[in-house]
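Analysis of the macromolecular model
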Amino acid sequence: MELRHLRYFVAVAEERHFGRAAARLNMAQPPLSQQIQQLEAELGVTLLHRTTRKVELTGAGAVYLERARAVLAAVDDAAAEAQRVAKGLQGRLVVGCVGSATYSLLPAFARALRDALPAVDFTFRGEMLAPDQLDSLLGSRIDLALLRPPVDHSAVRVTTVRRDRLIVALPEDHPLAHRERLEVADLREQDLIVHASRGRSVMHGIVTDLCRSAGFEARIRHEVEETSTLVTFVASGLGVAVVPQPVAELGVPGATYRPLAGDQGVDLVAAVRADDDSPVLARALGLLARWQEGTKPQVR
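Keep in mind that what you see is a predicted model, and the values were worked out from it rather than measured.

Quick notes on the packing of helix α1 (residues 3–15) against helix α3 (residues 29–43)
Two numbers describe how α1 lies on α3: the axes approach to 10 Å, and their chain directions differ by 110 degrees. By the angle between their directions, the pair α1 and α3 is classed as roughly perpendicular. Note on packing geometry: the crossing formed by α1 with α3 is left-handed. Contact with α1, carried on its side by R4, H5, Y8, F9 and V12, involves L32, Q35, I36, Q38 and L39 of α3 and no other residues of that element. Considering only residue class, the contact of α1 with α3 consists of 6 nonpolar, 3 polar and 1 charged.

Details of the environment of R188
Its place among the elements puts R188 in the loop between β6 (156–171) and β7 (192–195). C-alpha separation for the pair R188 and A214, spaced 26 residues apart in sequence, amounts to 8.6 Å. Leaving out residues up to four positions away in the same chain, R188 has contacts with A214, G215 and F216.

Quick look at the pattern of salt bridges
Summed over the entire model, instances satisfying the criterion amount to 22 salt bridges. Residue E14 is joined to R69 by a salt bridge in which the shortest nitrogen-to-oxygen separation is 3.1 Å. Taken together, the positions of E14 in helix α1 and R69 in helix α4 (residues 59–86) put the pair 55 residues apart, joining distant regions of the chain. In this structure E14 comes out as partly exposed when scored by relative accessible area, which is 35%. Of the charged contacts, one joins E189 and R219 as a salt bridge, the two residues approaching to 3.9 Å between their closest N and O atoms. Taken together, the positions of E189 in the loop between β6 and β7 and R219 in the loop between α8 (202–213) and β8 (220–224) put the pair 30 residues apart, joining distant regions of the chain.

Here we look at the side chain of Q90
For Q90, the position within the fold is in the loop between α4 and β3 (91–97). Side-chain polar atoms of Q90 contact the side chain of E81, separated by 3.0 Å. In this structure, Q90 is in contact with E81, R84, V85, A119, V120 and V280, ignoring residues within four places of it in sequence.

Comments concerning the UniProt feature "domain: HTH lysR-type" (unreviewed entry) in the protein
UniProt tags residues 1–58 as "domain: HTH lysR-type" (unreviewed entry). As annotated, residues 1–58 comprises 62% helix and 10% strand, and the C-alpha atoms at either end are separated by 20 Å.

A closer look at unusual backbone geometry
In this structure, the amide linkage connecting P149 to the following residue, P150, adopts the cis form with an omega of 10 degrees. With respect to the secondary-structure elements, P150 resides in the loop between β5 (144–147) and β6. Positive phi, normally seen in glycine, also occurs at R16, with a value near 60 degrees. Locating R16 in the fold gives a position in the loop between α1 and α2 (18–25).

Cut-offs applied
Residues numbered from 1 in each chain as written. Predicted model: local features only at pLDDT ≥ 70, side-chain atom pairs only at ≥ 80, totals over all residues. Heavy atoms only, no water. Axes fitted to C-alpha atoms, helices over the stretch in contact; angles between N-to-C directions. Helix = DSSP H or I, 4+ residues; strand = E, 2+ residues; numbered from the N terminus. Parallel < 35°, antiparallel > 145°, perpendicular 65-115°, else oblique. Left-handed = near helix turned anticlockwise from the far one by under 90°. Contact = heavy atoms within 4.5 Å. Nonpolar A, V, L, I, M, F, W, Y, C, P; charged D, E, K, R; others polar. Salt bridge = Lys/Arg side-chain N within 4 Å of Asp/Glu carboxyl O. Buried < 20%, exposed > 50% of the residue type's maximum accessible area, 1.4 Å probe, protein only. Polar contact = N/O pair within 3.5 Å; in protein donor to acceptor, adjacent residues only side chain to side chain. UniProt positions renumbered as here; feature names shortened; annotations may be inferred.

If you want it as structure tokens, here you go:
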């Protein structure tokens, strides 16, 4: 038995006439009659009562019609779903995001993805340190990582999304908050709050390197896992922190921000597995690029 036999039977059963069914199927009537007879012979039951004027379903035929329609509908649905998946319009994607971009880029990017690809099942994991993202990416626990470089691994492909300026987060009543701009040297005597050094957080390394380039060692008093905790500690007066500019969008009461003098910044990159040819991932990367350029995403 083949799917065409089911389609032939459904056409005859719905038209109640071999001639009309043959016309609907764009075939001659005699071969159609032969195919229905072969189907009945294979099943060992009579599906249709035939007369010179019309065709009626037997009890077995009525039951078989219901199941045949369901099978054909399932086959059609499977074909349509496979086509959507192949086009990147359906599937699943897990996105990881570094803390400083969790509160700026991620909300708008997530909305853009859901608006453009409503049939895709997206999962978003925020506040991930770069080493954790890389480990999760290589372990296939996430599919797209938005993180801070460097990302030195031959199995990972990286694209720059944007560059964020570095700023200093300060308690509102801190003496340095009265200045419009700060130098790295101004942090020499300050207690610093940084991201955890476990796995050498990218921002942890950036802060310590900045201080060394200014001729002193960072006076680190607190290490935290999450950016929101870092800013909360600053607002509580426990120290100051060097952070990417989007962190200011957190809006934590009691914290204020001042720019660092010079061209101090850090890139944000999109990292994917080099061998990942997922159509959904390709569409997500395309949307990210167009969205960052200010172009309204469109689905084609």
